[in-house]
Amino acid sequence: MLKLNRSTEYGLMALSYIRSKTNGEVTSAREISEKFQLPFEILAKTLQRLKEQGVITSTYGTRGGYILARDLKGINFAEFLSIMEGPVSIVSCLQECDGKDSSCEYTTNCNIKSMMSALNTRFYDFLNRISVEELTRAALPRSIEFDSSTASAYDSVVFGASGEEP
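What you see is a predicted model, and the numbers here were worked out from it, not measured in a lab.

A. Region of interest: the environment of Gly11. Here Gly11 lies in helix 1 (residues 6–20). Not counting the four nearest positions on each side in its chain, Gly11 is found in contact with Thr46, Leu50 and Phe80.

Structure representation (structure tokens):
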């Protein structure tokens, strides 16, 4: 199970809400916080991170708030996760198993390192094929609708390159 941290969840909720506004209409952190009953401080930091990464932009003043700075179709889920959570990998040791200064005591004798690295690559490729726009569509709280290329990527991750179930 991929477990997202709270700021990632809040970021997706905020982006979904911001994109639902009419073109040019700003949304305040307070408005989003109250609408979804989210902790204001965490949400404000999340929005700041999205602003720093150029996903949203802000205006100041009494009518200030946030608007999208980038088209969400151009941001894939892997990029979004990297913005919000740092490097993406199936297992934490993959980031340590580069052969240098590894804190993993099994690095030299690990017999699944290459398999986990290949799985991580396929998982990352799958996340690359999902746009943040797909995830923030209004209809998505009920189900995620994948286009044919995303569905193929999902099948590849789940069933392997051959397309057959294990």
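B. Inspection of the pairing of strand 1 (residues 56–59) at higher detail. Here strand 1 shows a clear split, with Ile56 and Ser58 buried on one side and none of Thr57 and Thr59 buried on the other. Across four bridges, strand 1 lies against strand 2 (residues 65–68) in antiparallel orientation. Counted as the bridge partner of Ser58 is Tyr66 from strand 2. What sits between strand 1 and strand 2 in their antiparallel hairpin is a turn of five residues, with Gly61 showing a positive phi close to 110°.

C. Molecular detail of the packing of helix 1 against helix 3 (residues 40–52). Taken N-terminus to C-terminus, the directions of helix 1 and helix 3 make an angle of 75°; their axes are 9 Å apart at the nearest point. One way to sum up the angle between helix 1 and helix 3 is to call them roughly perpendicular. Packed against helix 1, whose contacting residues are Ser7, Tyr10, Gly11, Ala14, Leu15 and Ile18, the element helix 3 presents Ile42, Leu43, Thr46, Leu47, Arg49 and Leu50 at the interface.

Cut-offs and rules
- Residues numbered from 1 in each chain as written.
- Predicted model: local features only at pLDDT ≥ 70, side-chain atom pairs only at ≥ 80, totals over all residues.
- Heavy atoms only, no water.
- Helix = DSSP H or I, 4+ residues; strand = E, 2+ residues; numbered from the N terminus.
- Contact = heavy atoms within 4.5 Å.
- Buried < 20%, exposed > 50% of the residue type's maximum accessible area, 1.4 Å probe, protein only.
- Pairing = 2+ DSSP bridges.
- Axes fitted to C-alpha atoms, helices over the stretch in contact; angles between N-to-C directions.
- Parallel < 35°, antiparallel > 145°, perpendicular 65-115°, else oblique.

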